[in-house]
Amino acid sequence: MVYTRMGDRTSWNNPIVVSVYVNNSIAETNVPVYIPHNDVRCVYIYSLVTTAIDATAAMEVDFEYVDSGGTTEFATMQVAGSSTVGTVDEATITDALTAAKMNQDGYIQIEIDGSSTGTGAINIWFYFEPIL
Amino acid sequence: MAYTRGLNAASQFGDPLILTCTVNVSNAETNVPIKVPWDNVDLTYAYTITTTVIDTGDCALILEIDAADGTSLATATIANSGTAVGTIDEFSMTAGNHASRMNLLNSNIINLSVDGSSGNGQFVLYLYFEPSQYA
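What you see is a predicted model, and the numbers here were worked out from it, not measured in a lab.

### Side note on the sheet that holds strand S8 (residues 109-116) of chain B
The pairing of strands in a sheet comes from backbone hydrogen bonds and takes either a parallel or an antiparallel form.
Residue and element names in this part refer to chain B.
Here is step 1 of the chain: Strand order in the open sheet formed by five strands is S2-S8-S4-S5-S7, and the pairing between neighbours is antiparallel. Of all strands in the sheet, those bounded by a partner on one side alone are strand S2 (26-35) and strand S7 (92-93).
Here is step 2 of the chain: The pairing of strand S4 (residues 59-65) with S8 spans six bridges and is classified as antiparallel. Across the sheet, residue alanine 60 finds its bridge partner in S8, namely aspartate 115.

Right, here's the structure in full:
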């Protein structure tokens, strides 16, 4: 998925970007990230390896939106085992309806389920656009 | 170099746009590509803050346009073990090259080259962007 701007360019020039640093993990680990704006859609997510992922397995990353309505997975990504520093991986949006409307009263939960030694780390960037 | 709004006083953003990235040091040159998510912006300021003490050698940093060994935008050095957690190091901008009008539509990236020390240490990189003076 390559990011291409959505919406009306005359009223919206650039995405809002939120970044987070996440370590790989042996067992399922959840990292909540607040959404800093109301009425936005998550249009693009990518990661960058900053510590190499060990060779034992891929680092599985799922993205869930959590609010009063429950928890809904809306995107997923896999960082391959042995990925070196500088590797870029892009997430796939799996539930466009959920990704299309997010608010400050909800948050994104990053679910990490990694290799068997849990070595490695990534930066993740989220791109948001307002709902027009 | 302290940040002062530099290139465009009448900014369409009003204030700089900021990207951050947490980076671990490496004992060999390592390249970290960071996508520029905005259109018509110049890199006007960059700094690091140490979050894990750097070990036995200085950490040399270069910000480059688009690719490893691309045109240099800025350089910085984080000193070795004398640098405590919380230390700020500012980049020296390469004259002229920071006003490079980077674009999302051109898939421009900032490549961070990290070299040294012996492999321990971590820092957070902050990149400040302003609307391009050429926009």
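And the narrative resumes.
### Details of the side chain of Thr50(B)
All names here are of chain B.
Here is step 1 of the chain: By the element assignment, threonine 50 lies in strand S3 (residues 41-52).
Here is step 2 of the chain: The class of threonine 50 is buried, set by a relative accessible area of 1%.
Here is step 3 of the chain: Residues contacting threonine 50, with those up to four places away along its chain left out, are Ile78, Thr83, Ala84, Val85, Gly86, Thr87, Gln122 and Phe123.

### Here's the deal with the side chain of Asp55(B)
Residue and element names in this part refer to chain B.
Here is step 1 of the chain: Topologically, aspartate 55 is positioned in the loop between S3 and S4.
Here is step 2 of the chain: Put simply, aspartate 55 is tucked away with no salt bridge, and the nearest opposite charge, on lysine 35, sits 30 Å away.
Here is step 3 of the chain: A polar side-chain atom of aspartate 55 sits 3.1 Å from a polar atom in the side chain of asparagine 120.
Here is step 4 of the chain: Non-local contacts of aspartate 55, meaning those with residues more than four positions away in its chain, are made with Asn80, Ser81, Ser117, Ser118, Gly119 and Asn120.

### Description of the interface of chain A and chain B
Here is step 1 of the chain: Taken residue by residue, the interface counts 22 residues in chain A and 19 residues in chain B.
Here is step 2 of the chain: Carbon and sulfur atoms supply 52% of the area buried between chain A and chain B, which totals about 1,600 Å² over both sides.
Here is step 3 of the chain: The largest share of the area that chain A buries against chain B comes from Asn14(A), Tyr21(A) and Trp125(A), three residues that together contribute 26% of it.
Here is step 4 of the chain: Summed over the shared surface of chain A and chain B, the result is one salt bridge.
Here is step 5 of the chain: Among the salt bridges present, the one from Lys35(B) reaches Glu90(A), with a minimum N-O distance of 3.0 Å.

Parameters and conventions
- Within each chain, residues carry numbers counting from 1 in the order of the written sequence.
- All chains are assigned letters beginning with A, and all ligands numbers beginning with 1, in the order in which they are written.
- Whole-chain, interface and lining totals are the exception, using all residues; otherwise, since this is a predicted model, local features are given only for residues with pLDDT of at least 70 and side-chain atom pairs are given and counted only at 80 or more.
- Side-chain calculation: all heavy atoms of the structure are included, whereas hydrogens and water are not.
- Two strands are counted as paired when DSSP detects at least two bridges linking them.
- Segments assigned H or I by DSSP are reported as helices when at least four residues long, segments assigned E as strands when at least two residues long, and all are numbered from the N terminus.
- For every residue, the accessible area obtained with a 1.4 Å probe (protein chains only) is divided by the maximum for its type, and the residue is called buried under 20%, exposed over 50%, and partly exposed between those limits.
- It only takes one pair of heavy atoms within 4.5 Å for two residues to be counted as in contact.
- Positive charges come from Lys and Arg, negative ones from Asp and Glu, while His and the chain ends are left out of the count.
- Here a salt bridge means any side-chain nitrogen of Lys or Arg lying within 4 Å of a carboxyl oxygen belonging to Asp or Glu.
- As used in this structure description, the phrase polar contact means that two N or O atoms lie within 3.5 Å; if the pair is within protein, one of them must be able to donate a hydrogen and the other to accept it, and residues adjacent in sequence are counted only when both atoms belong to side chains.
- Two parts placed together each lose some accessible area under a 1.4 Å probe, and the buried area is that loss summed for both.

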